[in-house]
Amino acid sequence: MVGKIVVSLVSLILLVGVIVGVVVVVHKNGDNDDDKSTKVQMKKVDEFCQPTSFKDACVQSLDKVASNDSATIKDYIMAAFEYTVQEIKKSLHETGKTNVNKESDPYNHMAVEDCKVLLEDAIEELESTLKKVNENEMKSLNDKVYDILTYVSAVYSYQSECIDSIDKPEYKSAIEKYLVNSTQLSNNAIDIVAKISSALQSSGFQIPDGLLNRKLLEANYQIGHDNYPTWFPVADRKLLANTPTPHAIVAKDGSGKFKTVSDALKAYPQKHQGKYIVYVKAGVYNEQVLVDKKQPNVFIFGDGAGKTIITSDKNVAILKFTTMNSATFGKYALSLQFI
């Protein structure tokens, strides 16, 4: 009887040992599979971030998709850009806490206010980029690479201009600190768009042929047979050839509805559809013209070079205007053409 009990106990111990062994083996094998998957994902993240200037920031921006085995190149781009948008929003929030007395330091007050506007513009540009990427399959993004590169370059430039315009060290260093992450990520965004094809050829991603191999910018602009620059759209050439009916006529001598271009832009109708055409008659117009974000698709034409002239004198060095506020013709709209 005792022998049977001993045998039973030994059998039970062996059975438990086998079960434990199976569990350990299965668990260990599972770990190996997970390790392999993790290594594959890490390799993809590393390859995606390889061309970027700030790799640690890039890796951090991909945390959302790093563990997703089925993530596509589009998912990686979206994750990187979405993370960048959030960082710029944080920068804007912190910059908003910087107050400069307008009376005692008007220049730096203007510069910090410019920063807020520039960061808002950066967010808007990058969100437009996200929309373009999200609405298109990778194969169709080939035709939009130039637009996307323009957008992300603008995002970086806005932040650089923000910092460069401030001349007091205490304000500059504070703003720079707020913008460290967002400027690094914006720089990475340019690198990603510009170099993604060559960086990921060896990975598991499917990169469309010629994604970034197209010529993005002509080295020289040329004048066509109709005396318009070659970059000027054919549709707009036809528009001018047929002498378009303007929505607003500007004439310094009072022969038009408006005497200044600025007044013509103030008359831009709410919810206007299509082009808003402004004809500026010959004359010298001494004014600063600003086209607002709420005035998209403005088309301004005059009587020709040397005849219709718009000029301004907001000098940066002498009058202490920031660069952003010194432009004779400031474009803040989504689309503007000036011929």
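Model, not experiment: these values are computed from the prediction. The numbers attached to residues start from 1 for each chain and follow its sequence in the written order. Confidence filtering applies because this is a predicted model: local features only for residues at pLDDT of at least 70, side-chain atom pairs given and counted only at 80 or more, and all residues used for totals across whole chains, interfaces and linings. Side-chain numbers here rest on the full set of heavy atoms in the structure, without hydrogens or water.

*Asks:* Hey, could you run me through the pattern of salt bridges in this one?
*Replies:* Any two side chains of opposite charge can pair, given that their charged atoms come close. Between Lys or Arg on one side and Asp or Glu on the other, a salt bridge is scored when a side-chain nitrogen of the former is within 4 Å of a carboxyl oxygen of the latter. In total, this model carries eight salt bridges according to the counting rule given. In this structure, Glu127 engages Lys89 in a salt bridge whose closest nitrogen and oxygen atoms are separated by 3.5 Å. Separated by 38 residues along the polypeptide, Glu127 in helix H4 (residues 106-135) and Lys89 in helix H3 (residues 73-95) bring together distant segments of the chain. By relative accessible area, Glu127 is classed as partly exposed at 37%. For the exposure calls, accessible area comes from a 1.4 Å probe over protein chains only, and a residue counts as buried if that area is under 20% of its type's maximum, exposed if over 50%, partly exposed in between. Lys89 sits in the partly exposed class, given a relative accessible area of 35%. Secondary structure follows DSSP: runs of H or I at least 4 residues long count as helices, runs of E at least 2 residues long count as strands, and numbering of each begins at the N terminus.

*Asks:* Is there a simple way to explain empty space enclosed by the protein in this structure?
*Replies:* A water-sized probe rolled over the atoms picks out the places where empty space is left. Any residue with an atom within 4 Å of a point lines the site, the site being either a cavity, points on a 1 Å grid over the protein atoms alone where a 1.4 Å probe fits but cannot get out, or a pocket, an open set with protein on both sides within 12 Å along at least 5 of 7 lines. Grid points are joined across faces, edges and corners, and a volume is the space filled by probe spheres set on the points. This model, assessed by the stated rule, comprises two cavities of 30 Å³ or more. In this structure, the second largest cavity is lined by Cys58, Ser61, Ala80, Phe81, Thr84, Leu185, Asn188, Ala189 and Ile192. For the lining of the second largest cavity, the elements supplying multiple residues, two or more each, are helix H2 (55-61), H3 and helix H6 (169-199). Among the elements that take part in the lining of the second largest cavity, H6 stands out by supplying four residues, more than any other. By the convention adopted, Pro, Cys, Tyr, Trp, Phe, Met, Ile, Leu, Val and Ala count as nonpolar, Lys, Arg, Asp and Glu as charged, and the other residues, Gly among them, as polar. In the lining of the second largest cavity, the residues fall into six nonpolar, three polar and no charged.

*Asks:* So what exactly am I meant to see when it comes to the pairing of strand E3 (residues 283-286) here?
*Replies:* Walk down a regular strand and you will see the side chains alternate between the two sheet faces. Side-chain alternation along E3 places Gly283 and Tyr285 on a buried face and Val284 and Asn286 on a face that remains uncovered. Here the rule is simple: two strands pair whenever DSSP picks up at least two bridges between them. Relative to strand E6 (residues 308-311), E3 runs parallel, the two being bridged by four bridges. Bridged to Gly283 within E6 is Thr308.

*Asks:* So what exactly am I meant to see when it comes to the state of the cysteines here?
*Replies:* Note on terminology: disulfide describes a covalent bond linking the sulfur atoms of two cysteines. Cysteine sulfur atoms that pair up within 2.5 Å are treated as a disulfide. Considering all chains together, one arrives at two disulfides under this definition. The disulfide partner of Cys49 is Cys58, and the S-S distance across this bridge is 2.1 Å. In this structure the cystine formed by Cys49 and Cys58 twists about its S-S bond by roughly -80 degrees; its chirality is therefore left-handed. Here Cys115 is linked by a disulfide to Cys162, with a sulfur-sulfur distance of 2.0 Å. Because the sign of the S-S torsion sets the handedness, a value of about 100 degrees for the bond joining Cys115 and Cys162 places this disulfide among the right-handed ones. Pair noted here: Cys115 is in helix H4 and Cys162 is in helix H5 (residues 145-164), with a separation of 47 residues, a long-range link. Just as Cys115 is buried, Cys162 falls in that class too. Each bonded cysteine in the protein chain gets a number by its place in the sequence, and the pairs come out as 1-2, 3-4.

*Asks:* When you look at the environment of Ser182 in this model, what are you seeing that I'm missing?
*Replies:* Mapped onto the fold, Ser182 is located in helix H6. Taking the relative accessible area as the measure of exposure, Ser182 reaches 0% and is therefore buried. Contact between two residues is taken to exist if any of their heavy atoms lie within 4.5 Å; hydrogens are not considered. Beyond its immediate stretch of four places on either side in the chain, Ser182 contacts Thr84, Glu87, Ile88, Ser91 and Gln159. By the criterion applied in these results, polar contacts are pairs of N or O atoms within 3.5 Å in which, for protein atoms, one can donate a hydrogen and the other can accept it, and in which residues neighboring in sequence qualify only through two side-chain atoms. Engagement of the side chain of Ser182 in a polar contact is seen with the side chain of Gln159, the distance being 2.7 Å.

*Asks:* When you look at the nonpolar core in this model, what are you seeing that I'm missing?
*Replies:* Nonpolar cores were defined as sets of buried Ala, Val, Leu, Ile, Met, Phe, Trp, Tyr and Cys residues, with membership established by side-chain atoms within 4.5 Å. Counting 44 residues, the largest nonpolar core has Phe48, Leu62 and Phe81 as its most contacted members. When residues of this core are traced back to their parent elements, those giving at least two are helix H1 (2-49), H3, H4, H5 and H6. Core analysis: the second largest hydrophobic core is formed by 16 residues, Phe258, Tyr268, Tyr276 and Val289 among them.

*Asks:* Please explain unusual backbone geometry as it appears in this structure.
*Replies:* Among all residues save glycine, negative phi is the norm, and among peptide bonds the norm is trans. A positive phi angle, close to 50 degrees, is found at Thr243, a residue other than glycine. When you line up the elements, Thr243 lands in the loop between helix H7 (234-241) and strand E1 (248-250). Even without a glycine there, the phi angle at Asn297 is positive, about 60 degrees. Within the secondary structure, Asn297 sits in the loop between strand E4 (289-291) and strand E5 (298-301).

Geometry only, nothing functional implied.
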